[in-house]
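# Coordinate inspection notes
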Amino acid sequence: MGLAGAKTVSDRQSFFERHSFLLRRLHSLSGIVPIGVFLIAHLTTNSSLAWGRFALRGEGEGMSIAQGGVKYFQEEVSYINEQVPHLLLIEVTLWVSIAFHAILGVYYATTGKGNTAHYPHMDNWRYSLQRISGYLGIAFIFYHVATLRWGWTWLVPGGTQWSHHFSASTLAAAIQGSPEGWTALGVAVALLYFAGITLLVFHFANGLWTAAITWGLTVSVPAQKRWGLVCFGLGAGLMLAAWSSLGAAFMVDPQEARATEAEMILHEHGPEELQRIENKLEGRPPADEHANAGGEG
Amino acid sequence: MSLPQAHQSTLAWRQANRAKAVPGRTIVMTVRRCEGPGKLGWFESFKIPVEPNENVISCLQKIAANPVTADGKETTPVVWDSGCLEEVCGACTMVINGTVRQSCSCLIDEYAPEEGDEITLEPMSKFPVIRDLWVDRARLFNSLKRVRGWVPIDSTAALGPGPKEDQATQSTRYAISECMSCGCCLEACPQFLLEGDEDAWDSAFIGAHAIAQARLFNLHGTGKNLAPERLDELMGPGGVADCGNAQNCVKVCPKGVPLTESIGAMGRGVTMHAVTRFFKGK
């Protein structure tokens with residue numbers, strides 16, 4: 001066979017092999033930016049349901065912790081949904097990044113085989129947990145986004161549709177199982193959320209630790225330990241934020257929260273706008289021609 | 001077999017055993033047998049009267065002299081590989097009670113201190129078995145070729161004195177130079193899996209030992225001439241990025257080679273190399 005017919009090494013390599021380095025580093029990077037950065041923002045915002053009362057200052061006068069949390073959380077959600085520019089672009093970037101990170105992550109995870117039974121070291125457990133939390137995390141994120149963002153209400157016990165106008169009450173109803181409070185299926189959803197957020201926060205903190213080795217930021221063992229402490233601290237903080245978000249969503253009474261949110265819309269936009277939003281949410285036709293025409297002009 | 005595997009490797013566990021070892025006892029050695037490459041394995045147990053300070057190899061020699069199993073059945077002698085018998089050649093590496101180590105330095109008193117205690121021997125699982133406990137470690141050496149684990153000298157003429165080496169670099173390099181290519185780091189690695197197809201060796205995970213050797217020679221005054229080629233290899237499929245940071249390698253390394261630090265250092269190396277190549281390369 002002549003040389004002309006000979007295949008070079010790069011011809012024989014698959015797409016993954018030819019671009020293995022770039023794909024590996026993009027996988028690592030995408031876990032930090034944008035996914036990790038979003039996770040921090042997302043959990044900080046959500047945990048305001050627990051601590052929002054204390055951030056309201058004078059505005060929260062006379063409010064309970066739950067009521068203040070609902071108010072502050074709703075203000076945050078309204079800001080994101082009504083004032084953050086290019087929201088769809090941000091969302092699509094996140095979805096694409098998560099899909100990229102997930103698909104490559106599953107592919108990479110299949111190239112290894114855990115052996116904690118024989119080598120039960122802490123680092124080795126983290127190796128296996130990183131992969132398990134990745135798999136389960138993908139399933140959880142899909143459920144979370146599909147139900148609360150894309151409105152797949154048939155997957156929500158009680159069929160609650162999340163609304164950014166009634167962010168805390170619909171969130172609490174979706175997690176507790178019904179707008180009236182806890183149901184058995186609601187407990188199952190709540191446990192799913194607890195497992196999902198716990199695993200994902202671990203995945204991020206541990207991923208941040210290993211990324212530093214991958215990129216060559218931490219080389220010496222003491223440096224890896226120091227960076228490990230930083231990642232542990234960040235992970236512990238995020239875990240606290242995640243658990244307090246969920247704890248608040250467990251404890252908020254959906255009906256009381258709904259009243260607080262309705263009050264806010266009433267105060268901000270008046271009764272017609274409240275009626276319009278509620279009609280839209282319940283799937284009713286607009287109340288009358290006048291309200292429809294006079295609403296936003 | 002339920003062995004306290006989690007504790008097998010701890011020094012305290014071994015020292016405590018050694019202190020209480022019963023003289024004149026008989027132990028049971030269970031060996032995973034295999035007649036040849038690709039054939040199914042099975043276990044055979046042997047009763048062995050042991051003397052103080054015996055090691056696994058001397059027990060295997062007793063089995064070779066009298067290959068009769070614990071239930072009185074005649075069998076073939078167990079085949080194993082060994083060389084130096086002082087833990088510097090790496091040839092006798094095998095899986096003992098579920099974890100990898102050299103069998104020559106594995107003392108019976110530390111692993112089976114009481115009458116009837118059992119020790120299980122298996123070949124390394126990441127390399128093809130030639131027979132019984134003897135494996136073919138060719139892929140390990142292929143990895144060293146991939147990273148050009150040598151100092152290039154392109155003439156037979158006298159080149160004069162070598163380049164000067166500073167103390168700090170020497171200390172780093174000395175620790176890595178202790179690697180004896182035994183394969184422990186690969187056996188314990190969850191990312192390094194058995195690969196029978198030789199054609200796949202160049203794209204499968206290269207292993208911690210080779211990454212450390214790339215660092216050793218990149219730090220050498222003359223060896224660094226090949227640094228770009230080594231970094232190219234470590235950037236490719238199966239390179240340093242395939243490491244999953246389970247860090248088992250450094251824990252099972254009998255020579256204490258700074259494997260995880262070398263992985264970090266080469267991670268830094270390929271990051272810089274990639275940036276340089278992006279802006280300056282062809």
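Treat the numbers as computed from the prediction; the structure is a model and nothing was measured.

### Things to note about the overall build of chain A
Secondary structure assignment for chain A yields 12 helices and 0 strands. Helices and strands appear in chain A in the N-to-C order α-α-α-α-α-α-α-α-α-α-α-α. Evaluated residue by residue, chain A yields a buried proportion of 33% over its 297 residues. Expressed as a percentage of contacts within chain A between residues at least 6 apart in sequence, the contacts between residues at least 24 apart total 61%.

### Thoughts on the domain arrangement of chain B
Residue and element names in this part refer to chain B. Split by domain assignment, chain B resolves into domain 1 (5-134) and domain 2 (137-152 + 162-280). If you average the C-alpha positions of domain 1 and of domain 2, the two centres end up 30 Å apart. Listed by partner, the interface residues are 15 residues for domain 1 and 16 residues for domain 2. Put simply, the parts of the chain that give the side of domain 1 that touches domain 2 at least two residues each are β3 (93-96) and β4 (99-102).

### A closer look at helix α4 (residues 65-82) of chain A
Note: α-helices contain 3.6 residues per turn, so residues at a spacing of three or four share the same orientation. Residues and elements named next belong to chain A. The first and last C-alpha atoms of α4 sit 25 Å apart over 18 residues, in line with the 26 Å expected at 1.5 Å per residue. If you check which residues of α4 are buried, you get Ala 66, Gln 67, Gly 68, Gly 69, Val 70, Lys 71, Tyr 72, Phe 73, Gln 74 and Val 77. Where α4 is buried, its residues meet α3 (20-55), α7 (167-176), α9 (221-251) and α10 (254-269).

### Quick notes on the pairing of strand β2 (residues 41-49) of chain B
Relative to β2 of chain B, strand β1 (residues 26-34) of chain B is paired through 9 bridges, and the arrangement is antiparallel. Within β2 of chain B, the position partnered with Met 29 of chain B by the bridge is Phe 46 of chain B.

### A look at the confidence of the model for chain B
All names here are of chain B. Overall, the predicted model of chain B reaches an average pLDDT of 94, with 97% of residues at or above 70. Confidence over residues 1-7 falls short of pLDDT 50; this stretch has 9 contacts with residues more than four positions distant or in other chains. Prediction confidence for the complex, expressed as pTM and ipTM, is 0.93 and 0.93 respectively.

### Some details on the pairing of β4 of chain B
All names here are of chain B. Burial along β4 is two-sided: the residues Thr 99 and Arg 101 and Val 100 and Gln 102 are all buried. Both β3 and β4 contribute to a ladder of 4 bridges, which runs antiparallel. Each bridged residue has a counterpart across the sheet, and for Thr 93 the counterpart in β4 is Gln 102. With antiparallel pairing between neighbouring strands as the criterion, β3 and β4 make up a hairpin whose turn holds 2 residues, including Asn 97 at a positive phi of roughly 50°.

### Remarks on the packing of α4 of chain A against α10 of chain A
Residue and element names in this part refer to chain A. It is at 9 Å that the axes of α4 and α10 come closest, and there the two elements cross at 50°. The angle between α4 and α10 falls in the class oblique. Of the two elements, α4 crosses α10, and the hand of that crossing is right-handed. Of the residues in α10, those in contact with Gln 67, Val 70, Lys 71 and Gln 74 of α4 are Ala 257, Thr 260, Glu 261 and Met 264. Here the residues of the contact of α4 with α10 are counted per class, giving 3 nonpolar, 3 polar and 2 charged.

### With respect to the environment of Lys 224 of chain B
Residues and elements named next belong to chain B. Along the chain, Lys 224 turns up in the loop between α8 (208-218) and α9 (227-235). Judged by C-beta crowding, with 14 C-beta atoms within 10 Å, Lys 224 ranks as partly exposed. Considering only alpha carbons, one finds Lys 224 and Thr 172, 52 residues apart in sequence, at a separation of 15 Å.

### A closer look at the packing of helix α5 (residues 87-109) of chain A against helix α6 (residues 122-148) of chain A
Residue and element names in this part refer to chain A. Where α5 contacts α6, the two axes come as close as 10 Å, and the packing angle between them is 145°. Between α5 and α6 the crossing geometry is left-handed. Touching Ile 98, Ala 102, Gly 105 and Ala 109 of α5 are Arg 131, Gly 134, Ile 138 and Ile 141, all from α6. Class assignment of the residues belonging to the contact of α5 with α6 gives a composition of 5 nonpolar, 2 polar and 1 charged.

The rules we used
- Residues numbered from 1 in each chain as written.
- Chains lettered and ligands numbered in written order.
- Predicted model: local features only at pLDDT ≥ 70, side-chain atom pairs only at ≥ 80, totals over all residues.
- Helix = DSSP H or I, 4+ residues; strand = E, 2+ residues; numbered from the N terminus.
- Buried ≥ 20, exposed ≤ 12 C-beta atoms within 10 Å, placed from the backbone.
- Contact = placed C-beta atoms within 7 Å.
- Domains from an automatic or database assignment.
- Expected span 1.5 Å × (residues − 1).
- Pairing = 2+ DSSP bridges.
- pLDDT = per-residue confidence, 0-100.
- Axes fitted to C-alpha atoms, helices over the stretch in contact; angles between N-to-C directions.
- Parallel < 35°, antiparallel > 145°, perpendicular 65-115°, else oblique.
- Left-handed = near helix turned anticlockwise from the far one by under 90°.
- Nonpolar A, V, L, I, M, F, W, Y, C, P; charged D, E, K, R; others polar.

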